[in-house]
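Structural features, examined
The chain contents come next:
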Amino acid sequence: MGSVDAAPGTFAGRTAHALANPSQTQALRSYQDDIQPYARQLTTDGLPQWDAWRDRVRDVRAHTIRNLDRYLEEFAGNVIKRGGRVFVAATAAEATAYVVGIARDHGVRLAVKSKTMLGEEIGLNAALEAAGVQVVETDLGEYIIQLAGERPAHITGPCIHMSLEDVRALFSRVAGRELPPEPEALTAYARTALRGRFLSAGMGISGCNFGVASSGSIVLVTNEGNGRLVTSIPPVNVVLMGMERLVPDWTSLDAVLTVLPRAGVCGPSTAYVTAISGPRREGETDGPAEMHVVIVDNGRSALLGTEFESVLRCIRCGSCIDHCPVWRHIGGQAYGSPYSGPIGAVITPLLGGLGAWPELPFASSLCGACEEVCPARIPLPDLLLDLRRDVVRGVQQPAGWRLGMRSFAAATERPKAFGSAMRAAGLARGMARRPKLLAHLPGPLAAWLKSRDLPVPSTSSFSTQWRRAGKRGDTQNRGKRGA
Amino acid sequence: VELEALLSVVRQRLERAADGATGVLPQWRPPDELFVADPAARLALFVTRARESGATVEILPSRVALEPAVLELLGEHGWRTMIFAERFRTPAFEALSGAEPAAADFGLCEAVAAAAETGSVMLAHDPGNPRRVSLLPPAVGFLVRASSIVSRITELLELLDERGAALESCLTLVRGPSRSADIGSVTCFGAHGPGMVYVWVVEDE
């Protein structure tokens, strides 16, 4: 069993908090409305046979995971052959202790970090800071939420819930002067503020999109260039890699690398794809003198050979989040986990335990949009149902949640029943003038009712739109602008 | 030791559920229509896609034309210092090496290959081609040989498999300027890497 770094509070409390924030609600809605038609276009225009690509991604990932022992051994051997060091961490605590140890050995006082969700999962920043190492996030979105003292709202867009004005006010406070409300100027401010940190940091910490077993290489798929700086400038580089993050060889990376930026909707490719094979070589001025690859289990190996194995195929594109009607309302932070949306609702309890995360499998309407778009063809709704079954079969639940969860779960498992529940919700909303009645409604439904933009069920609920669209694959009918 | 422990856990778990079947990953290639056989058409596609990515692309009649093109660009923008890959060391460029390489206005690199479909160039970093040349300055230029342009990453990845042990410590595929859309969902260039990208394509010498 692993552990996943959790936000304070309860799921219900965080959801209520999110729904009471109109600026965030607006930001989430316009983000999805913008991105859904764009995502659709990227997966159809210029790339024929999208579904064949998805089949290939599924096959490559499934094959790797079915033979993970073989590929892990090959990968680790090749990292060492190229001069890197490998550490295997069974738990989050082992991983953070190892990284803290490297920092101590080298007298590191400042570490620069490029975005790594695994780093968030294991709570690395807190561990380093407790050891007296200052950690600076350098991905623009991560930098912003670090300054704001928040947690990521989306696995590829950490501050997607914040408005331009939120960021302007935050940066102005940090800068000690009023900055203009222009994204370009604010981006340039961050570039200047962070450049010196890259040049002076004693350690760079990065994640790993893919490890190539046949060469022991680390592949990073990025847009800003901070991932390149973190792995090129500081004298020590620590790479955090989930143990399932491998592909057999370069050729098998083809479909994965083609599909990831399109599903993650950066474009046909990101600005940078970086392949790192070991530390700097003789005569090189760039690259770390010392490179450590930390292979993290933290609950992953326990999924092998179970009905949940398919979740290990995930390539962390965030596409399921971009199309999730629940995330659209409550945002990523309500989940309390660094992983939000459908993938977060599945992988968080699987890694961190249902005992710690009993609510998340219910944070879904089971509409199926996530499975429709998943480039690795992970059957997310099935996995959510399996997890709900496990919860009902006796994993402890917080007492006050039981009733609300049951009715919510039962209703959402069948579209028709969900429709009637939503209509009931509509009626209940009509009774909102009698707040006492409303206050008695437990669980997620209560939080949904408090949402001011709860769709009127008979005309515009998600499931109604879905049915009317008549084609489950047509994402363009979902967003307001696509309709 | 820890790796062995993990491998044994993995083997145990997989064997229990796998029915002994560990298949071979079948060969697969993207649809044929994505491979452009005609070099002129491939070059045209690369130029279009690189421009779409935000790069400025120019086709040079010969390699000799590179130095004046670079000097003209620097002059236009008032850039005074540059860093460059070793093979571009000429008296004119050397005169522009500033005292502080990390603060150079411009970087000049040579691409080892390029992919038309995405308008990307591939850099192979070694002692003569440091990573920082394409990373630290606010603007960067890439020289691309027309004959090194392939249709898509499929062919580049096949090359990497062939390189085996000769693989460089770092390879980078660059598509246009560094960018971020984290603030207000507006795409901005020059987040941490170069915000301006120039590509010069030359026919082979």
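The structure displayed is predicted, hence computed values, not measured ones.

About the cut-offs
Along each chain, numbering runs from 1 in the same order as the chain's sequence is written. Following the order in which they are written, the chains are lettered starting with A and the ligands numbered starting with 1. For a predicted model such as this one, the threshold for reporting local features is a pLDDT of at least 70, and the threshold for listing and counting side-chain atom pairs is 80 or more; totals across whole chains, interfaces and linings nevertheless cover every residue. Hydrogens are left out, water is left out, and the side-chain values use all remaining heavy atoms of the structure. Each pair of strands is called paired provided DSSP finds at least two bridges between the two strands. Strands here are runs of E lasting at least two residues and helices are runs of H or I lasting at least four, both read from the DSSP assignment and numbered beginning at the N terminus. To get an axis, a line is fitted to the C-alpha atoms, and for a helix only the part in contact is used. The angle between two axes follows their N-to-C directions and goes from 0 to 180 degrees. Every residue pair with non-hydrogen atoms within 4.5 Å of one another is taken to be in contact. A pocket here means an open set of points on a 1 Å grid, computed over the protein atoms alone, that has protein on both sides within 12 Å along at least five of seven lines. A cavity is instead a set of points where a 1.4 Å probe fits but cannot get out; residues with an atom within 4 Å of a point line either one. Grid points are joined across faces, edges and corners, and a volume is the space filled by probe spheres set on the points. Gly is placed with the polar residues, together with every amino acid not listed as nonpolar (Ala, Val, Leu, Ile, Met, Phe, Trp, Tyr, Cys and Pro) or charged (Asp, Glu, Lys and Arg). Expected span, for any helix, means 1.5 Å times one less than how many residues it has. Type-normalised accessible area, obtained with a 1.4 Å probe on protein chains alone, sets the label of each residue: buried when under 20%, exposed when over 50%, and partly exposed for intermediate values. By convention, the term buried area covers the 1.4 Å-probe accessible surface removed from two parts as they join, with the contributions of both added. Whenever Lys or Arg places a side-chain nitrogen within 4 Å of a carboxyl oxygen from Asp or Glu, that contact is recorded as a salt bridge. N or O atoms within 3.5 Å of each other form a polar contact, as long as, within protein, one can give a hydrogen and the other can take it, and as long as residues adjacent in sequence are counted only when both atoms are side-chain atoms.

**Side note on the sheet that holds strand β3 (residues 106-110) of chain B**
Residues and elements named next belong to chain B. Spatial ordering of the open sheet is given by β1-β11-β6-β3-β2, a layout of 5 strands whose pairing is parallel. The open sheet terminates on both sides in strands that have one partner only, identified here as β1 (56-60) and β2 (82-84). In this sheet, neighbouring strand axes are inclined to one another by 20° on average, regardless of whether the strands run parallel or antiparallel. Pairing of β3 with strand β6 (residues 139-145), which is carried by 5 bridges, proceeds in the parallel orientation. Paired with Glu110 across the two strands is Leu143, which belongs to β6. In the packing of helix α2 (residues 39-52) onto the sheet, the strands contacted are β1, β6 and β11 (196-202), and the crossing angle to β1 comes to about 150°. Packing against the sheet, helix α3 (residues 66-77) makes contact with β1, β2, β3, β6 and β11, and its axis sits at approximately 160° to β11.

**Considerations on empty space enclosed by the protein**
For the structure shown, the criterion picks out 8 cavities of 30 Å³ or more. Taken together, 14 residues form the lining of the largest cavity, with Val273(A), Met122(B), Leu157(B), Leu160(B) and Leu173(B) sitting closest to its centre. Counting residues per element, the ones that place at least two in the lining of the largest cavity are β9 (272-276) of chain A together with α5 (153-163) and β8 (170-174) of chain B. Looking at the lining of the largest cavity, its residues break down into 13 nonpolar, 1 polar and no charged.

**Structural notes on helix α4 (residues 68-81) of chain A**
All names here are of chain A. Given a rise of 1.5 Å per residue, 14 residues ought to cover 20 Å, and the 20 Å separating the end C-alpha atoms of α4 matches this to within 8%. Along α4, the residues that are buried comprise Leu68, Asp69, Tyr71, Leu72, Phe75, Ala76, Asn78 and Val79. Downstream of α4 by one or two residues, Gly83 has phi in the positive range, about 95°.

**Considering the interface of chain B and chain A**
Taken together, the contact between chain B and chain A spans 71 residues of the former and 94 residues of the latter. Interface area, chain B with chain A, both sides summed: about 6,600 Å², of which 59% is carbon and sulfur. Per-residue buried area on chain B facing chain A is highest for Trp28(B), Ile183(B) and His192(B); these three make up 13% of the total on that side. Between Arg11(B) and Glu73(A) there is a salt bridge, with the nearest N and O atoms lying 3.3 Å from each other. The tally of links between chain B and chain A comes to 33 residue pairs in polar contact (both at pLDDT 80 or more). Of all the secondary-structure elements, those providing two or more residues to the side of chain B that touches chain A are α1 (2-18), β5 (120-125), α5, β8 and β9 (179-180) of chain B. With 12 residues, the top contributor of residues to the side of chain B that touches chain A is α1(B).

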